[in-house]
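Working through the structure, step by step
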Amino acid sequence: MIRFFFRCLPAAIVSFIAAGSLCAQDLNFPGVTPFVILNASLNKKVDLNVLSLSKIRVGEHIIDGVKYDPGPLQIYTHAIFSYKITGHWQAGAGFAFQRNNPFRDDWKNDYRLLQQVVYILQGSKWKLSSRLRVEERWFRFPDASGSFGTRLKQQNAFTRQLNGEKFYWQAVNELYAIPSGARNSFVSENWFYTGLGVALRSFGRWDNGFGWNTMTRNTKHDLTNLFFLQTMLTITFHRHEKEVEPEMESGHF
């Protein structure tokens with residue numbers, strides 16, 4: 001299964017890039033994406049995950065006479081309770097808030113209810129997880145009535161332990177689809193990340209790497225691409241010292 005994963009991942013990435021290159025009006029920007037994650041093990045079965053992040057465009061850009069200023073494009077936070085059904089299966093639910101263009105007049109607020117199921121395979125030095133998340137979303141705008149929509153998010157993540165138990169490599173891909181509500185495309189967005197991490201003893205983890213977030217920005221399927229450096233600090237709280245560490249978010253939301 002691990003060999004199959006490594007064979008398919010490069011082909012999938014190349015295919016996705018080739019498909020995006022067919023769009024003549026794509027926009028490309030550099031950026032940074034900082035994460036802060038708090039994990040808490042409430043008991044042997046229930047974990048709490050609280051996440052906050054911001055996608056930030058770096059530099060001033062003028063494309064076809066349009067000026068794109070630097071600054072936050074989005075802020076996002078969620079709180080999710082997860083329940084360990086078996087050693088392989090978890091289920092969870094929670095609430096999220098997102099604000100696009102947070103400091104501009106054309107902001108958009110996005111309130112979400114989240115439900116998810118996670119399947120995990122794990123070896124002595126690797127872990128492969130697959131997560132399906134369902135979102136019910138309520139939107140608010142500055143000068144328009146609100147709206148409602150739903151979204152599906154499929155995430156696959158692979159983690160490989162490097163020399164010793166302190167360092168690891170991770171690759172994550174998450175695909176977004178919009179079954180209902182306003183949309184430019186049914187498959188609306190993709191987020192890829194790969195990077196290295198280090199375990200900070202009992203404190204948590206610190207990950208750094210490269211990410212690529214691509215979004216369909218209009219009904220012609222033109223794309224907005226954000227190529228960014230990602231840094232993620234994870235802080236983990238245990239009920240007691242010998243408790244197994246709770247499952248953590250894999251690189252993005």
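Coordinates for the structure precede this section.
Counting from 1, residues in each chain are numbered in the order their sequence is written. Reporting in this predicted model follows two pLDDT cut-offs: at least 70 for local features of residues, and 80 or more for side-chain atom pairs to be given and counted; totals over whole chains, interfaces and linings ignore these cut-offs and use all residues. Only hydrogens and water are set aside; all other atoms, that is, all heavy atoms of the structure, feed into the side-chain values.

1. Some words on the pattern of salt bridges
The criterion, for reference: What makes a salt bridge here is a side-chain nitrogen of Lys or Arg within 4 Å of a carboxyl oxygen of Asp or Glu, nothing more. Between buried and exposed lies partly exposed: a residue is buried under 20% and exposed over 50% of the maximum accessible area for its type, with that area taken using a 1.4 Å probe on protein chains only.
Summed over all chains, the structure comprises 11 salt bridges. Between lysine 67 and aspartate 69 there is a salt bridge; the shortest N-O distance is 3.7 Å. With relative accessibility at 40%, the residue aspartate 69 sits in the partly exposed group. Note that glutamate 135 is salt-bridged to arginine 151, the shortest N-O span being 3.0 Å.

2. Digging into the pairing of strand β8 (residues 126-140)
Inclusion rule: In this analysis, strands are considered paired if DSSP registers two or more bridges between them. Secondary structure is summarised from DSSP: a helix means a run of H or I of at least four residues, a strand means a run of E of at least two, and numbering begins at the N terminus for each.
Looking at chain direction, strand β7 (residues 108-122) and β8 are connected through 14 bridges and run antiparallel. Residue pairing in the sheet places tyrosine 119 in a bridge with serine 130 of β8. The turn linking β7 back onto β8 is made up of 3 residues. Across 14 bridges, the pairing between β8 and strand β9 (residues 147-161) is antiparallel.

3. Topic: the sheet that holds β9
Note the following rule: Between N-to-C directions, angles cover 0 to 180 degrees, with each direction set by a line fitted to C-alpha atoms, over the stretch in contact for helices.
Judged by pairing direction, the barrel is mixed, and its 11 strands sit side by side in the order β1-β2-β5-β6-β7-β8-β9-β10-β11-β12-β13 before closing back on the first. Averaged over neighbouring strand pairs, the angle between their axes works out to 20° when direction is ignored. Sheet topology note: the strand β11 (residues 187-199)/strand β12 (residues 204-216) ladder contains 11 bridges and is antiparallel. Across the sheet, residue valine 198 finds its bridge partner in β12, namely tryptophan 206.

4. Topic: the packing of aromatic side chains
Cut-off, in case you're wondering: Ring pairs are drawn from Phe, Tyr and Trp, using the six-membered ring of Trp, whenever the two centres fall within 6.5 Å, and their geometry is named by plane angle: stacked under 30 degrees, edge-to-face over 60, tilted for the rest. Geometrically, a charge over a ring is one whose NZ (Lys) or CZ (Arg) sits within 6 Å of the ring centre while staying within 35 degrees of the ring normal.
Following the criterion strictly, the structure yields 8 aromatic pairs and no others. Ring geometry for tryptophan 89 against tyrosine 119: centres 4.8 Å apart, planes inclined by 50°, an arrangement best described as tilted. Taken together, the residues span a long stretch of sequence, with tryptophan 89 in strand β6 (residues 89-100) and tyrosine 119 in strand β7 at a distance of 30 residues. Tryptophan 89 gets classed as partly exposed once you look at its relative accessible area, which sits at 40%. On the accessibility criterion, tyrosine 119 (30% relative accessible area) is partly exposed. An aromatic cluster is defined as three or more aromatic residues linked by ring pairs; in this entry it consists of Phe35, Trp191 and Phe228. Sitting over the face of the ring of tyrosine 168, arginine 205 holds its NZ or CZ atom 5.2 Å from the ring centroid.

5. Concerning the environment of arginine 217
Threshold: Two residues qualify as a contact provided that any one of their heavy atoms is within 4.5 Å of a heavy atom in the partner residue. By the criterion applied in these results, polar contacts are pairs of N or O atoms within 3.5 Å in which, for protein atoms, one can donate a hydrogen and the other can accept it, and in which residues neighboring in sequence qualify only through two side-chain atoms.
Secondary-structure assignment places arginine 217 in the loop between β12 and β13 (223-237). Linking arginine 217 and glutamate 189, residues 28 residues apart in sequence, is a C-alpha distance of 9.3 Å. The residues touching arginine 217, leaving out its near neighbours within four places in the chain, are Gln25, Leu27, Asn184, Asp222, Leu223 and Thr224. A polar atom in the side chain of arginine 217 sits 2.4 Å from the backbone oxygen of glutamine 25.

6. What to know about the environment of threonine 150
Examined against the element boundaries, threonine 150 turns out to sit in strand β9. At a separation of 2.6 Å, a polar atom in the side chain of threonine 150 contacts the side chain of serine 180.

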